[in-house]
Amino acid sequence: MKIGIVGMGWVGSSVAISTLHTGIATELLVHDARSGLAEGEALDLAQGASFYPTAGVRAAPVEDMADADAVVIAAGRGGHPGESRLALMRENAAIVRAVAERLTRLRGLLVVVTNPVDIMTRVATEASGLPPARVIGTGTMLDTARLRHMLGRELALAPRSIHAHVVGEHGDSEVVLWSAARAGGVQLRRWPGWGREKEGALAEEVRRAAYEIIARKGATNHAIGLVTAALLRSALRDERRVLAVSRVQEGACGIREVAISLPAVVGQQGATEIVEPEMSLDERAGLDRSADLLRKAAAELA
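Source: prediction; values computed, not measured.

Participant: Looking at this structure, how should I read the overall build of the chain?
Facilitator: Of regular secondary structure, the chain possesses eight helices and 14 strands. A globule of 302 residues ought to have a C-alpha radius of gyration of about 19 Å, and the chain, at 18 Å, matches this closely. C-alpha atoms of the chain, sized along the principal axes, occupy 55 × 45 × 35 Å. Counting all 302 residues of the chain, 55% fall into the buried class. Of the contacts made within the chain by residues no fewer than 6 positions apart, 70% connect residues no fewer than 24 positions apart. As presented, the chain carries roughly 13000 Å² of accessible surface, and 51% of it is formed by carbon and sulfur atoms. Counting 35 positive and 36 negative side-chain charges, the chain places the centres of these two groups 3 Å from one another.

Following this line, the structure appears as structure tokens:
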């Protein structure tokens, strides 16, 4: 499998090493506006080839990625301490648009990581002209992973034994689907010792996770690198896993023409089937508010 990564800062480099460790890539192309950085990262990664499944790594122009099975856009600047993801919007939209316009002939999937990822997913879809299913934002897949980690901590369970989703914006208006959350097949709200009073604090901890990390180290990179690599592996192996990813919606849950995260079946053709999740009335209202916020942000950008 040929995979390209555009943007080799903190996030792009973490995506690269995580992707190599999955073994999904046989050829990894990396690109950055700072050509020396891309070349240096390619050399550094290639020299570790004894410790990951065989893959060639090299710096390359974006145009060389047109026949890739997937290209990841991680280009753009990260958030500053205390800055919302939406505040990054205009600056990063120009960068993502310029990259996507060079990938109109892309054979495979376009995966968007750059924040605010929902807005950037819509920008990339429009600029590339690719079908919405083939332009996938990492969306709330990371928030969902954070939620499962925190629930695992609370319940003393492995996160893989917990099935719960975060939907909506990858950001402040995201919605935790508590009503459908399960642990070991049991409804979370029926789990011994669980109380709904815990839910608000945990949801806020998930929302604040990136801010807390950025305040301490300046960026988030390792978890999103792992998330992106897992998304690539699932898609390119056509595993058809249900993942909480962002794409331009075409009517699911009554949402159209906005990129937002909902559970989707992900395979080689992209996020092709949206799974409309079980939601309480309050959760559905929260999803609608999140979609409205993203729609207004996209209109401001336009």
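Now that the structure has been shown, the text picks up again.
Participant: Mind showing me how you'd approach the packing of aromatic side chains here?
Facilitator: Aromatic ring pairs: the centre-centre distance and the angle between the two ring planes describe each pair. Going through the model one piece at a time under the given rule, you end up with one aromatic pair. Pairing Trp178 with Trp194 gives two aromatic rings, centres 6.2 Å apart and planes at 35°, and the pair type is tilted. Of this pair, Trp178 sits in the loop between β9 (175-176) and β10 (182-183) while Trp194 is found in the loop between β11 (186-187) and α6 (199-217), placing the two residues 16 residues apart along the sequence. Residue Trp178 is classed as buried on the basis of its relative accessible area, which comes to 8%.

Participant: Can you help me understand helix α7 (residues 222-236) in this one?
Facilitator: Residue pairs three or four apart in sequence face the same way in an α-helix, which turns once every 3.6 residues. The first and last C-alpha atoms of α7 sit 21 Å apart over 15 residues, in line with the 21 Å expected at 1.5 Å per residue. When you tally the buried positions in α7, you get eleven out of 15 residues, the bulk of the element. Taken as a whole, α7 has its buried residues at Ile224, Gly225, Val227, Thr228, Ala229, Ala230, Leu231, Leu232, Ser234, Ala235 and Leu236. Following α7 by one or two positions, Asp238 has its phi on the positive side, about 55°.

Participant: Would you mind showing me how to read the nonpolar core here?
Facilitator: One recurring pattern in soluble globular proteins: nonpolar side chains tend to sit buried together. Ranked by size, the top nonpolar core spans 42 residues in total, and within it Val71, Leu103, Leu110, Ile119 and Leu287 carry the most contacts. Going through the elements one at a time, β4 (70-73), α3 (89-100), β5 (109-112), α4 (117-128), β13 (256-267) and α8 (281-301) are the ones with two or more residues in this core. Excluding residues within four positions of it along the chain, Leu103 makes contact with Val62, Met65, Val71, Leu110, Ser128 and Leu130. Core analysis: the second largest hydrophobic core is formed by 36 residues, Ala16, Leu142, Ala235 and Leu243 among them.

Participant: How do you make sense of the pairing of β4 when you look at a structure like this?
Facilitator: Neither face of β4 is left uncovered, since the one carrying Ala70 and Val72 and the one carrying Val71 and Ile73 both have all their residues buried. For strand β1 (residues 2-6) and β4, the ladder comprises four bridges, and the chain directions are parallel. From the neighbouring strand, Ile5 faces β4, where its bridge partner is Val72. Sheet topology note: the β4/β5 ladder contains four bridges and is parallel. Each residue of the ladder has a partner; that of Ile73, found in β5, is Val112.

Participant: In this structure, what is going on with the pattern of salt bridges? I would like to understand it.
Facilitator: Inspection of the entire model under this criterion finds 17 salt bridges. Ionic pairing is found between Asp69 and Arg107, a salt bridge with its closest N-O pair at 3.2 Å. Of this pair, Asp69 sits in the loop between β3 (56-59) and β4 while Arg107 sits in the loop between α3 and β5, and the two are 38 residues apart along the sequence. Judged by its relative accessible area of 16%, Asp69 falls in the buried class. Between Glu273 and Arg240 there is a salt bridge whose closest N-O contact spans 2.7 Å. Within this pair, whereas Glu273 is found in strand β14 (residues 270-274), its partner Arg240 is found in the loop between α7 and β12 (241-250), the two being separated by 33 residues in sequence.

Participant: Which parts of the structure should I look at to understand the sheet that holds β10?
Facilitator: Think of a sheet as strands paired side by side through backbone hydrogen bonds, with each pair either parallel or antiparallel. The three strands are arranged β7-β10-β11 in an open sheet whose pairing can be described as antiparallel. On the outer flanks of this sheet lie β7 (162-163) and β11, each paired with one strand and no other.

Participant: Can you walk me through the pairing of β3 in this structure?
Facilitator: Walk down a regular strand and you will see the side chains alternate between the two sheet faces. Bridge analysis of strand β2 (residues 27-31) against β3 gives four bridges, and the strand direction is parallel. Paired with Val30 across the bridge in β3 is Ala59.

Participant: For this particular structure, what's the right way to read the side chain of Arg247?
Facilitator: By the secondary structure assignment, Arg247 is in strand β12. A distance of 2.7 Å separates a polar atom in the side chain of Arg247 from a polar atom in the side chain of Glu250. For Arg247, the residues in contact, after removing those within four places along its chain, are Thr121, Pro132, Ala133, Val135, Val258, Ala259, Ile260, Ala271, Thr272 and Ile274.

Participant: I would appreciate a short explanation of the environment of Gly9 in the present structure.
Facilitator: Its place among the elements puts Gly9 in the loop between β1 and α1 (10-22). When the C-alpha positions of Gly9 and Ala75 are compared, they lie 7.6 Å apart, and in sequence the two are 66 residues distant. Every residue in contact with Gly9, bar those within four places of it in the chain, is listed here: Asp32 and Arg34.

Cut-offs used in this document
- Counting of residues starts from 1 at the beginning of each chain's written sequence and follows it residue by residue.
- Per-residue local features of the predicted model are confined to residues with pLDDT of at least 70, and side-chain atom pairs are confined, for both listing and counting, to 80 or more; whole-chain, interface and lining totals are unaffected and use all residues.
- For side-chain calculations, the full set of non-hydrogen atoms in the structure is used, while hydrogens and water are omitted.
- Helix numbering and strand numbering both begin at the N terminus, where a helix is a DSSP run of H or I of at least 4 residues and a strand a DSSP run of E of at least 2.
- To get the radius of gyration, use the C-alpha atoms; to get the globule rule, take the number of residues to the power 0.38 and multiply by 2.2 Å.
- Each residue is assigned to one of three classes by its accessible area relative to the maximum for its type, calculated with a 1.4 Å probe on protein chains only: buried under 20%, partly exposed between the two thresholds, exposed over 50%.
- Contact definition: two residues touch when any of their heavy atoms are within 4.5 Å.
- All accessible-area figures derive from a Shrake-Rupley calculation using a 1.4 Å probe, and residue coverage is judged against the displayed protein chains alone.
- Note on charges: Lys and Arg go in the positive column, Asp and Glu in the negative column, and His and the chain ends are not counted at all.
- In this description, the location of a charge corresponds to atom NZ of lysine, CZ of arginine, CG of aspartate or CD of glutamate.
- Two aromatic rings, drawn from Phe, Tyr or Trp (for Trp, its six-membered ring), form a pair once their centres lie within 6.5 Å of each other, and the interplanar angle then sorts them: stacked below 30 degrees, edge-to-face above 60, tilted otherwise.
- Expected helix span is computed as 1.5 Å times (number of residues minus one).
- Take the buried residues of types Ala, Val, Leu, Ile, Met, Phe, Trp, Tyr and Cys, join any two whose side-chain atoms come within 4.5 Å, and each joined set is a nonpolar core.
- The rule for pairing is simple: two strands pair if DSSP sees at least two bridges between them.
- Every case where a carboxyl oxygen of Asp or Glu lies within 4 Å of a side-chain nitrogen of Lys or Arg is listed as a salt bridge.
- Any pair of N or O atoms that falls within 3.5 Å is considered a polar contact. Within protein, one atom must be able to donate a hydrogen and the other to accept it, and sequence-neighbouring residues count only if both atoms are side-chain atoms.

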